[in-house]
Amino acid sequence: MPTAAAAAPMISSVQKLVLYETRARYFLVGSNPAETKYRVLKIDRTEPKDLVIIDDKHVYTQQEVRELLGRLDLGNRTKIGQKGSSGLSRAVSAFGVVGFVRFLEGYYIVLITKRRKMADIGGHAIYKIEDTNMIYIPNDSVRVSHPDEARYLRIFQNVDLSSNFYFSYSYDLSHSLQYNLTVLRMPLETLKTETTQTRQESFDIFEDEGLSTQGGSGVFGICSKPYEKYVWNGKLLDAVKNTVHRDWLLYIIHGFCGQSKLLIYGRPIYVTLIARRSSKFAGTRFLKRGANCEGDVANEVETEQILYDASVMSFSAGSYSSYVQVRGSVPLYWSQDISTMMPKPPITLDQADPFAHVAALHFDQMLQRFGSPIIILNLVKEREKRKHERILSEELVAAVTYLNQFLPPEHAIIYIPWDMAKYTKSKLCNVLDRLNVIAESVVKKTGFFVNRPDSYCSILRPDEKWNELGGCVVSTGRLQTGVLRTNCVDCLDRTNTAQFMVGKCALAYQLYSLGLIDKPNLQFDTDAVRLFEELYEDHGDTLSLQYGGSQLVHRVKTYRKIAPWTQHSKDIMQTLSRYYSNAFSDADRQDSINLFLGVFKPTEGKPHLWELPTDFYLHHKNTLSLSQTRRSYTYWWTTGVLKHLPLPFDEVTCAENRRKLTVKKFHKYEEEIDIHNEFFRPYELSSFDETFCLAMTNSTRDFMPKNVGIDPSPFTVRKPDETGKSVLGNKSNREETVLQRKTAASAPPPPSEEAVSSSSEDDSGTDKEDEGAVSQRSTPVKVTDTGENTKITETVVQSTKDVYGVNLSDVPSEDDLTVYTRFVQLGQSQHKQDKNSQQFCSKHHLDRVINLIPISSFSQDNIYEVQPPRADRKSIEIFHAHIQAGRGNMQPLGKDDFLMYREYIRNRYM
């Protein structure tokens, strides 16, 4: 078996940006969080319509950047030696570049000016965009005005980048956790080959500067090419991705990201839900139905639930598990005409597709990304007085039957039809019980991903369901092979409930695989399931707002038939809101999405976006030009996919997939791969009030009953009135607590990281946080004035005497704060000193300076694996003699033994 290499994800060294402005140039200065490494982009402002960007590929120190900016300031003043007017002014501070866009005049640059941390996966932070700034690049003196430019700008800005767009500097959000960790476990020989090729093809002469070649000290940094389907700013970065360093390229996804903390007797388990919305054939509810000519379907969302033990942060040493499922419109040519102003417009099949060409393209994409089996859960109505939704079922069955003729039987597409609406109306049937049966069969077929082998206790006491689990078992754990694809007509309400039930079933298996529960089964009304259900409701509300224009109408509680009577009036309001959005605002939103994603490009002399009668020709490219190659109607899959099934082709180690990776060798203490410094930020002054892990939803604080003597296990079934929410206080406090956890789509967000204003005089390219900002998340539970609520909160918040054994003061004294601030400043000045002359030689001595010796005698020690200490030869001989004596085989006594015995007798009895 090939040995695994020490590999880590590359961390972008451009996380803080400052844009400086002169009359002829923009200078974009980017730095890492520690402000020890800088890069500079020069953007020309004298070209009226072209984008001219120069990246010198050089890594600057802080002193070099100060000198560079000082020379630029001096050289751009109107008069030499004049101090009154600055030649270089600071325009804006930012956290990343979304991209560059041009309409009919010159180019704009889109910068992220506010961000908010939403999740943390193994120390890799995931941020949500809170605000952006769009800056016109050409100077006013060369600007060529166009009367329609302002209208295009308004349409482009209708895509609200502050609403559910996410990015990360070190974690590839466009891929699943299984893909990202599989890449890190590539064989050592492959990584060495890729490093050699990267060095030969690299245009960066500083790429391997200072790399130590000593054996064992090198770590491979890996950066994978993003999956284009889920990247939303790909077209905005096309103009620069081949000319600038990869650290400038920040890929964003659209959808949902939420994270909650599940405390199991104090052990923190993070439950994360990430939804990636496809940027292909994207749009609004009635305007985007079915599929386009390339197999991309409307409302396609990949939902991934990630579970990991937060007590161990490393990807290599920690325990991580994930499960992926997909939703998307029925992959056929169909649409609904909304001009009739009916609540349910009739469904129309637009084109005959006897050879299931578009369905073949769609399922070919899924086989490449997920492997087999592909399981379709079709929730549309089967029995109707007037044929409506059943049209789609009949066509989908015909398409799947046709495609399965040519697939091997073991890799055939599995089709599960289930009329969920019919079961909901029946009083004799329980919808969720039936969904639970389907979920069990689905998870057993696909399996799930976990990055560690089965625990020893599960091998000794195997569960019946565990032995029937599918997927692929490898030496490092388990891989998910195949995926569940759920659809109804809109892929909103019914689909979200079905996905929740499948996710709940998978969550039980994930917890069991990490050794946290004794059986892979979870009950409703437990703290764990309530936490997971709230995550899925936020997930469903967000996706429903993006596609349908309103929140979910039917929720999990609706299908459990425990929703309060007030929920019916809310459902009516959501239905009216959805109808209003579909009738009056969806067309404008669709135009904005088409412009943002580059589906429509404004061109002089051609019809404008608002003049087009339809966007059908923009999304179906075969209507404008005939394809030169025709796919086979029988061998409808991509070459090489079947050979590796059930494994997904995208995760197989082959030449085609290796070309998607960038591999570089670093010293093991380099900042580009040091996730410890990236997460803990030892050079920054931290506040507990702003710590993300303390502000996130907590199963103990938000869901566990606060009664004394209650079972603290999150897997204990509670009564409906035994919840953390029901005793948090009065109604206003309860709503306030819930609002803190909602996404930006449904509630105002808490304070975010905001760049400082352009009036700052610091020219070093740094980006200081606003020290005067007051956190709104300082107290998770608010103490009210009423006597009853005060008693309740006293049971929640224990005194420091009870917790720590000493009385701690509420606020540190000014002297203590002064001492701590000086300590931080000393650390910053020590960290930011110019190490250019000492960098190479210091790395040779780091192995001797940083030498951590474990306290215990175990060479490897964690909660899952213990390696016994090595005994010396003399100890082994004594132990063997002891064993032989117990069996009656006494060894003859030597001279030393008699002397020792004589000394013992003298000391004991004489």
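Residues numbered from 1 in each chain as written. Predicted model: local features only at pLDDT ≥ 70, side-chain atom pairs only at ≥ 80, totals over all residues. Heavy atoms only, no water.

Looking up the protein chain in an unreviewed UniProt entry gives the name FIG4 phosphoinositide 5-phosphatase, with the organism given as Otus sunia. Heading Subcellular location (unreviewed entry) of the UniProt record for the protein chain holds this comment: "Endomembrane system". (UniProt positions renumbered as here; feature names shortened; annotations may be inferred.)

Bringing a positive patch on the surface into the picture now. Taken together, the side chains of Lys235, Lys280, Lys601 and Lys621 present a region of like positive charge at the surface. As for its position among the elements, Lys601 is in the loop between helix 15 (566-596) and helix 16 (616-619). (Patch = residues over 30% accessible without salt bridge, like charges linked within 9 Å, V, L, I, M, F, W, Y side chains within 5 Å. Areas by Shrake-Rupley, 256 points an atom, 1.4 Å probe, with all protein chains shown as cover. Salt bridge = Lys/Arg side-chain N within 4 Å of Asp/Glu carboxyl O. Lys, Arg positive; Asp, Glu negative; His and termini not counted. Charge placed at Lys NZ, Arg CZ, Asp CG, Glu CD. Helix = DSSP H or I, 4+ residues; strand = E, 2+ residues; numbered from the N terminus.)

This next bit is on the nonpolar core. Counting 55 residues, the largest nonpolar core has Leu435, Val443, Phe500 and Leu511 as the members making the most contacts within it. Taken together, the elements giving at least two residues each to this core come down to strand 12 (253-264), strand 13 (267-277), strand 14 (301-309), strand 18 (374-378), helix 9 (431-446), helix 12 (493-513), helix 13 (527-547) and helix 14 (556-560). With eleven residues, the top contributor of residues to this core is helix 12. Once residues within four sequence positions are removed from consideration, Phe500 is found in contact with Phe524, Val529, Phe532, Glu533, Tyr536 and Val556. (Core = buried A, V, L, I, M, F, W, Y, C linked by side-chain atoms within 4.5 Å. Buried < 20%, exposed > 50% of the residue type's maximum accessible area, 1.4 Å probe, protein only. Contact = heavy atoms within 4.5 Å.)

Attention now moves to a nonpolar patch on the surface. On the surface, Tyr456, Ile459 and Leu460 cluster together into a nonpolar patch covering about 370 Å² of accessible area. Along the chain, Ile459 turns up in helix 10 (residues 456-460).

Moving on to helix 2 (residues 149-157). Here helix 2 has its buried residues at Glu149, Tyr152, Ile155 and Phe156. On an axial view of helix 2, the arc spanned by its buried residues comes to 125 degrees, and they lie on one face. (Arc of directions from axis to C-beta.)

Moving on: the sheet that holds strand 2 (residues 16-21). Sheet architecture is open: five strands sit in the order 5-4-3-2-6, paired in antiparallel fashion. The two strands at the open ends of the sheet, each matched to only one other strand, are strand 5 (53-55) and strand 6 (89-94). The mean inter-strand angle of the sheet, taken between neighbouring strand axes irrespective of direction, is 20 degrees. Two elements, strand 3 (residues 25-31) and strand 4 (residues 38-44), share seven bridges in a ladder whose sense is antiparallel. Of the residues in strand 4, the one forming a bridge with Val29 is Val40. (Pairing = 2+ DSSP bridges. Axes fitted to C-alpha atoms, helices over the stretch in contact; angles between N-to-C directions.)

The final tally for this structure, using the stated rule, is 35 salt bridges. Here Lys16 makes a salt bridge to Glu35, at a shortest N to O gap of 3.6 Å. One end of the pair, Lys16, is in strand 2; the other, Glu35, is in the loop between strand 3 and strand 4, with 19 residues separating them in the sequence. The two residues Lys16 and Glu35 agree in class, both being buried. Here Asp490 ties to Arg285 by a salt bridge, and the two come within 2.8 Å at their closest N and O atoms. Of this pair, Asp490 sits in the loop between strand 23 (483-487) and helix 12 while Arg285 sits in the loop between strand 13 and strand 14, and the two are 205 residues apart along the sequence. Considered together, Asp490 and Arg285 belong to a single accessibility category, that of buried residues. In this structure, a network of salt bridges that share partners links the residues Lys16, Glu35, Glu678, Arg681 and Glu684.

For the rest of this paragraph, the subject is helix 3 (residues 177-184). Here helix 3 lies mainly inside the structure; seven of its eight residues are buried. For helix 3, the full list of buried residues reads Leu177, Gln178, Tyr179, Asn180, Leu181, Val183 and Leu184.

It is worth spelling out the confidence of the model for the protein chain at this point. With 77% of its residues at a pLDDT of 70 or more, the protein chain has an overall mean of 80. The spread of mean pLDDT over the elements of the protein chain runs between helix 23 (residues 787-796), the lowest at 37, and strand 10 (residues 165-167), the highest at 97. Below pLDDT 50 for its whole length, residues 726-797 participates in 113 contacts with residues either more than four positions away or in separate chains. Segment residues 834-838 is flagged for pLDDT under 50; beyond a separation of four residues in sequence, or across chains, it makes four contacts in the model. (pLDDT = per-residue confidence, 0-100.)

Glancing now at the packing of aromatic side chains. Summed over all chains, the structure comprises 34 aromatic pairs. Measuring from ring centre to ring centre gives 5.1 Å for Phe315 and Tyr320, while their planes differ by 75 degrees; the resulting arrangement is edge-to-face. Judged by its relative accessible area of 0%, Tyr320 is buried. Residues Phe355 and Tyr633 carry aromatic rings whose centres are separated by 4.4 Å and whose planes lie at 5 degrees to one another, so their mutual orientation is stacked. Separated by 278 residues along the polypeptide, Phe355 in the loop between strand 17 (347-349) and helix 6 (357-370) and Tyr633 in the loop between helix 16 and helix 17 (641-644) bring together distant segments of the chain. By relative accessible area, Tyr633 is classed as partly exposed at 36%. These aromatic residues form a ring-pair network of at least three members: Phe103, Tyr108, Tyr136, Tyr152, Phe156, Phe165, Trp232, Phe596, Phe600 and Trp610. (Phe/Tyr/Trp six-rings, centres within 6.5 Å; stacked < 30°, edge-to-face > 60°.)

It is worth spelling out the sheet that holds strand 24 (residues 661-667) at this point. Within the open sheet, the three strands sit side by side as 1-11-24. Their pairing is mixed. Both edges of this open sheet fall to strand 1 (7-9) and strand 24, since each of them pairs with a single strand only. For this sheet, the mean angle separating the axes of adjacent strands, direction not counted, is 35 degrees.

Attention now moves to the environment of Asp350. Inspection of the secondary structure puts Asp350 in the loop between strand 17 and helix 6. Judged by relative accessible area, Asp350 falls into the partly exposed class, the value being 42%. Residue contacts for Asp350: discarding those within four places in its chain leaves Tyr333, Trp334 and Ser335.

Within the element layout of this structure, Ser176 appears in the loop between strand 10 and helix 3. The contacts of Ser176, once residues within four sequence positions are left out, are Tyr171, Arg276, Glu302, Glu304, Val324, Arg369 and Glu651.

Here helix 12 crosses helix 13 at 145 degrees, and the two axes come no closer than 10 Å. Helix-helix and strand crossings are classified by hand; for helix 12 and helix 13 the assignment is right-handed. Counted together, Asn496, Gln499, Phe500, Gly503, Lys504 and Leu507 of helix 12 and Val529, Phe532, Glu533, Tyr536, His539 and Gly540 of helix 13 form the full contact between these two elements. Tallied by class, residues from the contact of helix 12 with helix 13 come to five nonpolar, five polar and two charged. (Left-handed = near helix turned anticlockwise from the far one by under 90°. Nonpolar A, V, L, I, M, F, W, Y, C, P; charged D, E, K, R; others polar.)

This part is about the packing of helix 9 against helix 12. Running from N to C, helix 9 and helix 12 cross one another at 55 degrees; their axes reach a closest spacing of 9 Å. The orientation of helix 9 relative to helix 12 falls into the category oblique. You can see that helix 9 and helix 12 cross each other, and the crossing is right-handed. Within the contact between the two elements, helix 9 uses Leu432, Leu435, Asn436, Ala439, Glu440, Val443 and Lys444 and helix 12 uses Thr497, Ala498, Met501, Val502, Lys504, Cys505, Ala506 and Tyr509. Across the contact of helix 9 with helix 12, the residue classes tally to ten nonpolar, two polar and three charged. (Parallel < 35°, antiparallel > 145°, perpendicular 65-115°, else oblique.)

Across a regular strand the side chains alternate sides, sitting on one face of the sheet and then on the other. In terms of burial, strand 14 is a largely internal element, nine of the nine residues being buried. Residue alternation in strand 14 divides its side chains into two sets, Val301, Thr303, Gln305, Leu307 and Asp309 and Glu302, Glu304, Ile306 and Tyr308, and both sets are buried. Strand direction decides the pairing type here: strand 14 and strand 15 (residues 320-327), joined by eight bridges, are antiparallel. What sits directly across from Tyr308, in strand 15, is Tyr320.

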